[in-house]
Every structure is written in C-alpha cells, then in structure tokens.
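Chain residues, written in single-letter form:
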Amino acid sequence: MADCIFCAIAKGEIPSTKVYEDQHVLAFRDINPMAPKHVVIIPKRHVSGLNEWEGLAAEEQLALLRACTVVAKEEGITESGYRVVSNCGPDAGQTVPHLHFHVLGGGKLSVNLA
Ligand code: 5GP
Ligand code: ZN
C-alpha cells in the first residue's frame, strides 16, 4: 500500500534491522524499543490491523503467530517470559495502520495492560 511505512520496510525501501523472515512475514527491531527486547512482526501483505485478520489467508495467519514464537526463541526469552501485543485502533494507540505484533521481553514487564 502506498505511503505505508511497514509496506516500505517489507519491500526494503526503508531500512530495518531484520530479526526473522519467511515467505509471508518479516520481523525487525522496533526503532523506539519499549523493552530490552522489542521486535515488530508484520505480514508482508498489507492489512490495516487485527480488524482485517480475516483478509489474510490461513497460511499467513499461521506464519504470523509462528513467527512470534520463533522470534522469542531466537531472542532467548522463552524461559524468562515475553509478551505479544497488537494494538488495534485509536483507543489502543495504534500508530502504524499495517497489522503488526510486538514481541516484548528481556526484562520484567509492566503488569499494566490498560
Ligand atoms: P503501534 O503504536 O502502531 O502499535 O506500533 C508501531 C511501532 O512501530 C512503534 O513501536 C514504533 O516505534 C515502530 N516504528 C514506527 N516507525 C518505524 C520505523 O520506521 N522503523 C522501525 N523499526 N520501527 C518503527
Ligand atoms: Zn502496509
């Protein structure tokens, strides 16, 4: 999608620090990390957020959730623990309208989810 930062990252037009990639998914380090380990996981194909989850094929949906666990393993945080978050819409503070999951860990996280 034109003028989408994460589409540009997926195409390599904007540089990012890649952590993981497969056919459907790209994972890269967040530019403004909120935890010692903070990785953003996106589908390569544009959908605006979780409200458009059904617009993804089952294979893409599976690849996204699988990537969260693969990234956690590669970041070495499976034992210490981690959190997976997807902000959807204004009340959740979604700032980039391209579906993404945050994988956060590497230290004690806030218990405040809301
Ligand atoms: P949201 O607030 O939509 O849930 O999350 C968007 C995230 O994308 C934010 O944590 C923000 O720091 C990150 N972000 C925004 N622009 C860029 C960018 O150009 N590169 C990278 N690596 N992360 C970005
Ligand atoms: Zn996009």
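Provided above is the structure to which this section pertains.
Residues numbered from 1 in each chain as written. Chains lettered and ligands numbered in written order. Predicted model: local features only at pLDDT ≥ 70, side-chain atom pairs only at ≥ 80, totals over all residues. Heavy atoms only, no water.

All of the protein donors around the zinc ion (ligand 2) are Cys4 (SG), Cys7 (SG), His46 (ND1) and His98 (ND1); their distances to the metal are 2.1 to 2.3 Å. Given four donor atoms and angles of 104 to 117° at the metal, the environment of the zinc ion (ligand 2) is assigned as tetrahedral. Site description for the zinc ion (ligand 2): donor spacing in sequence, C-x2-C-x38-H-x51-H. Placement of the pair is His46 in the loop between β3 (37-43) and α2 (58-75) and His98 in the loop between β4 (82-85) and β5 (101-105), with a sequence separation of 52 residues. Relative accessible area serves as the criterion here: at 0%, His98 is assigned to the buried category. (Donors = N, O, S within 2.8 Å, 3.2 Å for Na, K, Ca; no water. Tetrahedral: all angles 85-135°; square planar, octahedral: opposite > 155°, others 65-115°. Helix = DSSP H or I, 4+ residues; strand = E, 2+ residues; numbered from the N terminus. Buried < 20%, exposed > 50% of the residue type's maximum accessible area, 1.4 Å probe, protein only.)

With the rule as written, the count across this model stands at five salt bridges. The residue Lys18 makes a salt bridge to Glu21 at a minimum N-O spacing of 2.7 Å. Since its relative accessible area comes to 38%, Glu21 is described here as partly exposed. We note a salt bridge from Lys37 to Glu75, for which the minimum N-O separation is 3.7 Å. One end of the pair, Lys37, is in strand β3; the other, Glu75, is in helix α2, and 38 residues separate them in sequence. Residue classification places Lys37 among the partly exposed positions, given a relative accessible area of 29%. (Salt bridge = Lys/Arg side-chain N within 4 Å of Asp/Glu carboxyl O.)

Before going further, it helps to examine the site of ligand 1. Residues in close proximity to ligand 1 total 15 residues, the closest being Arg29, Asp30, Asn87, Thr95 and His102. Arg29 is positioned with one of its backbone polar atoms (N or O) 2.9 Å from a nitrogen atom of ligand 1. Protein contact buries 83% of the 520 Å² of open area that ligand 1 shows by itself. At the level of elements, α1 (5-10) and β2 (25-29) are the ones that each hand at least two residues to the shell around ligand 1. Examining the composition of the shell around ligand 1, we find that three residues originate from one element, α1, more than from any other. A breakdown of the residues in the shell around ligand 1 according to their chemical character gives six nonpolar, seven polar and two charged. (Near = heavy atom within 4 Å. Polar contact = N/O pair within 3.5 Å; in protein donor to acceptor, adjacent residues only side chain to side chain. Areas by Shrake-Rupley, 256 points an atom, 1.4 Å probe, with all protein chains shown as cover. Nonpolar A, V, L, I, M, F, W, Y, C, P; charged D, E, K, R; others polar.)

Another point: the nonpolar core. Judged by nonpolar contacts, the single largest core of 19 residues is most densely connected at Ile41 and Val71. At the level of secondary structure, the elements contributing two or more residues to this core comprise β1 (18-21), β2, β3, α2 and β5. Looking at this core element by element, the count peaks at seven residues for α2. Beyond its immediate stretch of four places on either side in the chain, Val71 contacts Val19, Tyr20, Ala27, Val39, Ile41 and Val103. Counting residues in hydrophobic clusters, the runner-up holds nine residues, among them Cys7, Ile9, Val40 and Ile42. (Core = buried A, V, L, I, M, F, W, Y, C linked by side-chain atoms within 4.5 Å. Contact = heavy atoms within 4.5 Å.)

Attention shifts here to the pairing of β3. Along β3, six of the seven residues are buried, which leaves the element largely enclosed by surrounding structure. As paired elements, β2 and β3 share five bridges and run antiparallel to each other. Bridge pairing links Leu26 to Ile42 in β3. (Pairing = 2+ DSSP bridges.)

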